[in-house]
Amino acid sequence: MTKIIESAIKPRRMQFNTDDMKISQFSIEDNSLISTFFYSLSAMFPEGERFFIHAVRHYQKSITDPKMIADIRGFIGQEAHHGRCHQDLNNEIEKLGIPMSMVSDNMTARVNMLKTRFGPERQLALTVAMEHFTASLAEFILENPEVLDQAPKTFRQMMLWHSVEEIEHKCVAFDVYRQQVNNEWMRRRVMVLAMTSLFTRIAIFQIRMLWKTKHFPSIKEWIGAARFFWGKKGILRANAHGVRKFFKRDFHPNDIDQSALIDGWEKRFPDVAAQEA
């Protein structure tokens with residue numbers, strides 16, 4: 001009989017006040033390009049998180065290691081709550097005239113296609129790729145929390161909490177993949193396809209959001225977005241550096257030490273920790 005142990009991956013039941021966000025249509029950095037980038041990610045999260053859970057859960061009954069079993073449970077709990085919290089956020093953003101449901105509907109169709117056309121191994125490989133992307137994004141946010149200073153308080157709190165938990169469970173899908181599939185060529189190939197698809201879809205979603213709101217970004221917004229994403233401390237510039245590490249031979253997420261970012265995070269972000277029920 002498999003011994004049951006507790007995992008260090010603890011799902012937190014957060015209660016964010018999305019009903020009182022006081023958010024304007026493009027309130028992140030007062031820039032429509034930056035705002036719609038984050039809106040697109042948030043709209044993709046609920047269905048995306050459910051897909052990740054589905055991909056890992058497929059192999060759950062084949063796992064016998066007690067720690068891995070516990071970590072999978074923690075992973076599922078965290079991801080499920082991420083999806084619910086972002087759905088609440090998305091509902092509020094939709095009220096501003098941003099077509100968040102358009103993105104979620106697209107994601108639902110996309111996930112149904114992936115489940116039909118891709119086998120379990122490739123679904124898990126895709127999950128591993130996206131988990132690494134989000135962990136790299138989380139690393140940047142936790143290292144540079146000031147990038148969210150101009151965002152609505154609830155949005156900032158949610159992204160910081162989400163970032164902490166993404167790093168906490170960054171190895172779970174990878175460890176399952178390595179034990180159950182262990183195809184290095186597939187792992188690297190799927191990462192290329194995943195990043196190409198992700199950023200293509202985000203760009204399309206941004207265009208649709210801007211079209212729906214009849215907003216056309218100014219030159220000032222384009223310049224600001226270029227600096228925000230690709231400047232010296234640009235979020236996507238840093239993320240690209242993190243994603244490149246994924247292609248190293250015998251890479252493991254723990255090769256990137258991010259422990260200092262989540263150790264004692266409650267003291268660094270007390271207003272975020274206070275949202276836990």
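Residues numbered from 1 in each chain as written. Predicted model: local features only at pLDDT ≥ 70, side-chain atom pairs only at ≥ 80, totals over all residues. Heavy atoms only, no water.

If you check an unreviewed UniProt entry, the chain appears there as Metal-dependent hydrolase from Oleispira antarctica RB-8.

### Brief notes about the overall build of the chain
Inclusion rule: Secondary structure counts use DSSP, requiring at least four H or I residues in a row for a helix and at least two E residues in a row for a strand, with both numbered from the N terminus. Residue burial is assigned from relative accessible area. The probe radius is 1.4 Å, only protein chains are included, and a residue is buried under 20% of its type maximum, exposed over 50%, and partly exposed in between. Each accessible area is a Shrake-Rupley estimate made with a 1.4 Å probe; only the visible protein chains count as cover when residues are assessed. Positive charge is attributed to Lys and Arg, negative charge to Asp and Glu, and no charge count is given to His or to the chain ends. By convention, charge coordinates are those of NZ in Lys, CZ in Arg, CG in Asp, or CD in Glu.
Secondary structure summary: the chain contains twelve helices and zero strands in total. For the chain, the sequential pattern of α-helices and β-strands runs α-α-α-α-α-α-α-α-α-α-α-α. If one aligns the C-alpha atoms of the chain with their principal axes, the spans along those axes are about 60 × 40 × 35 Å. Counting only residues that meet the buried cut, the chain has 55% of its 277 residues in that class. Carbon together with sulfur atoms contributes 53% to the accessible area of the chain, which is approximately 13,400 Å² in total. For the chain, the distance from the average position of its 38 positive side-chain charges to the average position of its 33 negative side-chain charges is 5 Å.

### What about the packing of aromatic side chains?
Let me state the cut-off plainly: Stacked, edge-to-face and tilted labels apply to pairs of Phe, Tyr and Trp rings (six-membered ring for Trp) whose centres lie within 6.5 Å, assigned for plane angles under 30 degrees, over 60, and everything in between, in that order.
In total, this model carries eleven aromatic pairs according to the counting rule given. Ring centres of F16 and W161 lie 5.4 Å apart, and the angle between their planes is 55°; this geometry places the pair in the tilted category. Here the residue F16 occupies a position in the segment before helix 1 (32-57), and W161 occupies one in helix 5 (residues 153-168), the gap between them amounting to 145 residues. A residue is classified by how much of its surface remains accessible, and F16, at 11% relative accessible area, is buried. A ring pair is formed by F38 and F228, whose centres lie 6.1 Å apart and whose planes are at 80°; its orientation type is edge-to-face. Taken as a pair, F38 in helix 1 and F228 in helix 8 (residues 219-230) lie far apart in primary sequence, 190 residues in all.

### Points about the environment of D30
With respect to the helices, strands and loops of the structure, D30 is situated in the segment before helix 1. Here D30 falls in the exposed class, since its relative accessible area comes to 65%. Residues D30 and A151, 121 residues apart in the sequence, show an inter-C-alpha distance of 8.4 Å.

### Considerations on the confidence of the model for the chain
This is how the line gets drawn: A residue's pLDDT is the confidence the predictor assigns to it, expressed on a 0 to 100 scale.
The share of residues in the chain with pLDDT of 70 or more is 97%, and the mean pLDDT across the chain is 92. Confidence, read as mean pLDDT per element, is least for helix 9 (residues 235-245) in the chain (91) and greatest for helix 6 (residues 172-180) (97).

### Quick word on the nonpolar core
What counts here: Remark: nonpolar core denotes a set of buried residues (Ala, Val, Leu, Ile, Met, Phe, Trp, Tyr, Cys) joined through side-chain atoms within 4.5 Å. Here, residues are in contact when the closest pair of their heavy atoms is within 4.5 Å.
Counting 90 residues, the largest nonpolar core has F38, Y39 and I235 as its most contacted members. Sorting elements by how many residues they give to this core places helix 1 first, with 14 residues. Discounting residues that sit within four places of it in the chain, I235 has contacts with F38, L137, F140, I141, F228 and F229.

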